[in-house]
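Inside the fold
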Amino acid sequence: MVFSSNIFLLFFLPIFLLAYFVTPQRFRNYTLLLASLVFYAYGAPDFILILVAACVVNFFLVKGMVRAQNPKTKKGICALSVVLALSLLLYFKYANFFVDNLNALLGWMHHVPVGWRDVALPIGISFFTFQSLTYTIDVYRGTTLPSRRLTDYVLYIMMFPQLIAGPIVRYNSVAAQIISRQSTMEGRMTGFYRFVIGLAKKVLIANTLAQVADQAFALGDGLSTGAAWIGMLSYTFQIYFDFSGYSDMAIGLGRMMGFSFPENFMNPYTSRSITEFWRRWHMTLGTFMKEYLYIPLGGNRKGAARTYLNLVIVFLCSGFWHGAAWTFVLWGAYHGLFQIFDRIGMAKILDKMGKLPSMLLTFLVVNLGWVLFRADGVQQAGTFYQALFAFKSGAALTLDAHFWTVFVLAVVFSFITLLKGGQKLQDRVFAETYTVRRSWVMFAVTTLLFILSVGSLMVSDFNPFIYFRF
């Protein structure tokens, strides 16, 4: 089940909210936990018991780690917990990739391929793993206390608003809220408003652009240069509005229940360097990679060469985390190299160029990287890059007035902070407090966007779920 589906919007969500708010305060965690298990089991019933069992095992492992007196024992239990979490991720997400590549190598060497039955990918496994790791490592470091109750820990890991597509929530940021939180009428109203804003970004903008992006990437050798650029830009805005829309929906759902989840995006396409882009794009992933991989590797404390190596390792891991394919690895390496270029001096050059030229150049670099991210394979990516710069004719895309309207809106909303008064307008849109007058405006906007989104889902069965591969 995904947020942008009518079964979630018209059945699951209203039933859950009704049950949640009629439940006495002290029992609401159990209602939320049950709903989260039902939510996940609906989409992946074969995996729900495995993930719950993993939660139970990790909960007691961390308890044992805390009680251990010997530092070596404590470290060993921490390592075991980390290995178990990563083992689940490696098996479910990457086993097929490794076996396919092994068989390709064996075939090249004229050996018999390894017999293998493809492993199904549980949705949300990456976010499940990351939150398990943050809990274990933070407790080991002493930056947070372990959860007292098993149900509270399972709720933290399996909470449905952020399980499928994030944001990545650290336990110490919500531990107190799991134990005690307040859901005010204003919080429910602003939370639902934020949810509907995200829903509209996903359904009304991202889905429309996705159809053109899919069409362009499917043309292969018949792709014209113009179609390639339109397809690339369509995917650039699709993935932003899709991903940030899901984050908005998660943040809104959490706020309705009294949770405060971290922001995940901050106008990333207005960045003036790739380093700045990664401070604005998927910010919770960037924080995770920095605190749990980059700094433990040595960060920038061991000289320039080691810093560059650490950056490449971090971005290779980041790329591979996004998907089990060589295109994701290359995408990670691509961004890692531009991080090094920024350190060497490119960031200073861009800064001297001025705001608009540096932003446009960074935007171009990000766009070209998205080709690797979207392509089904290295060969398709190569064909697409060739079409971008070959200045050739070819098959035309189906572009109607609806597409161009949505495309223009996507451009405006992506760069709105550059317009006069744009930052102030955006701050108002996402403000957490409202006057009575603005509450009526918010109610009208929410109602209109919700009706349009549900209507769009009813008349079309095109609703891609990008994060299935994550």
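This text gives an overview of the structure that appears in the document.

What counts and what doesn't
- Residues numbered from 1 in each chain as written.
- Predicted model: local features only at pLDDT ≥ 70, side-chain atom pairs only at ≥ 80, totals over all residues.
- Heavy atoms only, no water.
- Helix = DSSP H or I, 4+ residues; strand = E, 2+ residues; numbered from the N terminus.
- Rg over C-alpha atoms; globule rule 2.2 N^0.38 Å.
- Buried < 20%, exposed > 50% of the residue type's maximum accessible area, 1.4 Å probe, protein only.
- Contact = heavy atoms within 4.5 Å.
- Expected span 1.5 Å × (residues − 1).
- Arc of directions from axis to C-beta.
- 1 Å grid on protein atoms, 1.4 Å probe; cavity = no way out; pocket = protein on both sides within 12 Å on 5 of 7 lines; lining within 4 Å.
- Points joined across faces, edges and corners; volume = space filled by probe spheres on them.
- Nonpolar A, V, L, I, M, F, W, Y, C, P; charged D, E, K, R; others polar.
- Core = buried A, V, L, I, M, F, W, Y, C linked by side-chain atoms within 4.5 Å.
- Axes fitted to C-alpha atoms, helices over the stretch in contact; angles between N-to-C directions.
- Parallel < 35°, antiparallel > 145°, perpendicular 65-115°, else oblique.
- Left-handed = near helix turned anticlockwise from the far one by under 90°.
- Phe/Tyr/Trp six-rings, centres within 6.5 Å; stacked < 30°, edge-to-face > 60°.
- Lys NZ or Arg CZ within 6 Å of the ring centre and 35° of its normal.
- Disulfide = S-S within 2.5 Å.

Comments concerning the overall build of the chain
- The secondary structure content of the chain amounts to 19 helices and zero strands.
- What you see for the chain is a C-alpha radius of gyration of 23 Å, in line with the 23 Å of a compact globule of 470 residues.
- Considered along the principal axes of its C-alpha atoms, the chain spans approximately 65 × 65 × 50 Å.
- By the burial criterion, 53% of the 470 residues in the chain qualify as buried.
- Long-range pairs, those at least 24 residues apart, make up 76% of the contacts in the chain with a sequence separation of at least 6.

Considerations on helix α16 (residues 378-390)
- With 13 residues, α16 extends 18 Å from end C-alpha to end C-alpha; this agrees with the ideal 18 Å at 1.5 Å per step.
- Buried within α16 we find Ala381, Thr383, Phe384, Ala387 and Leu388. Buried residues in α16, looked at end-on, bunch into an arc of 160 degrees, giving them a common side. In α16, the exposed residues that point more than 90 degrees away from the buried face are Gln379 and Gln386.
- Buried residues belonging to α16 abut α9 (185-218), α10 (225-256) and α15 (355-374).
- Positive backbone phi, approximately 50 degrees, marks Phe391, located one or two places after α16.

Points about α10
- The terminal C-alpha atoms of α10 lie 46 Å apart, and with 32 residues this matches the ideal 46 Å at 1.5 Å per residue to within 8%.
- Within α10, 28 of the 32 residues are buried, leaving the element largely enclosed by the surrounding structure.
- Residue Gly258 follows α10 closely and has a positive phi angle near 100 degrees.

So, the environment of Val139
- Topologically, Val139 is positioned in helix α5 (residues 125-141).
- Judged by relative accessible area, which is 9%, Val139 ranks as buried.
- It is 9.1 Å that separates the C-alpha atoms of Val139 and Asn172, two residues lying 33 residues apart in sequence.
- With sequence-adjacent residues up to four places away left out, Val139 is seen in contact with Val62, Met65, Val66, Thr144, Leu145 and Pro146.

As for the environment of Trp404
- One can find Trp404 in helix α17 (residues 401-414).
- Look at Trp404 and you get partly exposed, because its relative accessible area is 39%.
- C-alpha of Trp404 to C-alpha of Asp100: the two residues are 304 residues apart in sequence and 41 Å apart in space.
- Apart from residues lying up to four places away in sequence, Trp404 is in contact with Ile230 and Leu399.

Let's talk about empty space enclosed by the protein
- Tallying each qualifying case throughout the model produces one cavity of 30 Å³ or more.
- Looking at the largest cavity, its volume works out to about 30 Å³.
- Taken together, Phe217, Gly220, Leu223, Gln380, Thr383 and Phe384 make up the lining of the largest cavity.
- In terms of residues, the lining of the largest cavity owes the most to one element, α16, which gives three residues.
- Grouping the amino acids of the lining of the largest cavity by side-chain chemistry returns three nonpolar, three polar and no charged.

Observations regarding the nonpolar core
- Among the nonpolar cores identified, the biggest contains 141 residues, and Phe8 and Tyr269 are the most heavily contacted of them.
- Filtering out sequence-adjacent residues up to four positions away, Phe8 remains in contact with Met1, Val2, Phe3, Leu13, Pro14, Phe39, Phe160, Phe195 and Leu253.

Here's the deal with the packing of helix α3 (residues 48-67) against helix α4 (residues 71-108)
- Their axes nearest at 8 Å, the elements α3 and α4 cross at an angle of 165 degrees. One finds that α3 runs roughly antiparallel with respect to α4. Of the two elements, α3 crosses α4, and the hand of that crossing is left-handed. Contacts between α3 and α4 pair Ile50, Ala54, Val57, Asn58, Leu61, Val62, Gly64, Met65 and Val66 from the former with Lys74, Ile77, Cys78, Leu80, Ser81, Leu84, Leu88 and Phe92 from the latter.
- Grouping the amino acids of the contact of α3 with α4 by side-chain chemistry returns 13 nonpolar, three polar and one charged.

Observations regarding the layout of surface pockets
- There is about 500 Å³ of room inside the second largest pocket.
- Looking at the second largest pocket, it is lined by 17 residues, and the ones nearest its centre are Trp278, Arg279, Gly286, Lys290 and Gln339.
- Looking at the lining of the second largest pocket, the elements that each hand over two or more residues are α11 (274-280), α12 (283-297), α13 (304-322) and α14 (326-353).
- Ranked by the residues each element gives to the lining of the second largest pocket, the list is headed by α12, at seven residues.
- A breakdown of the residues in the lining of the second largest pocket according to their chemical character gives eight nonpolar, six polar and three charged.

Describing the packing of aromatic side chains
- Within the structure shown, the criterion is met by 66 aromatic pairs.
- Ring centres of Phe277 and Trp281 lie 5.5 Å apart, and the angle between their planes is 20 degrees; this geometry places the pair in the stacked category. Each member of the pair, Phe277 as well as Trp281, carries the same accessibility label: buried.
- The ring of Trp321 carries Lys93 above its face, with NZ or CZ at 5.3 Å from the centroid.
- The residue whose ring lies beneath Lys201 is Tyr240, and the NZ or CZ to ring-centre distance is 5.7 Å.

Focus on the state of the cysteines
- For the structure on display, the rule yields zero disulfides.
- Cys55 takes part in no disulfide bond, and the closest cysteine sulfur to it belongs to Cys78, at a distance of 17 Å.
- Distance from the sulfur of Cys317, which forms no disulfide, to the nearest cysteine sulfur (Cys78) is 17 Å.

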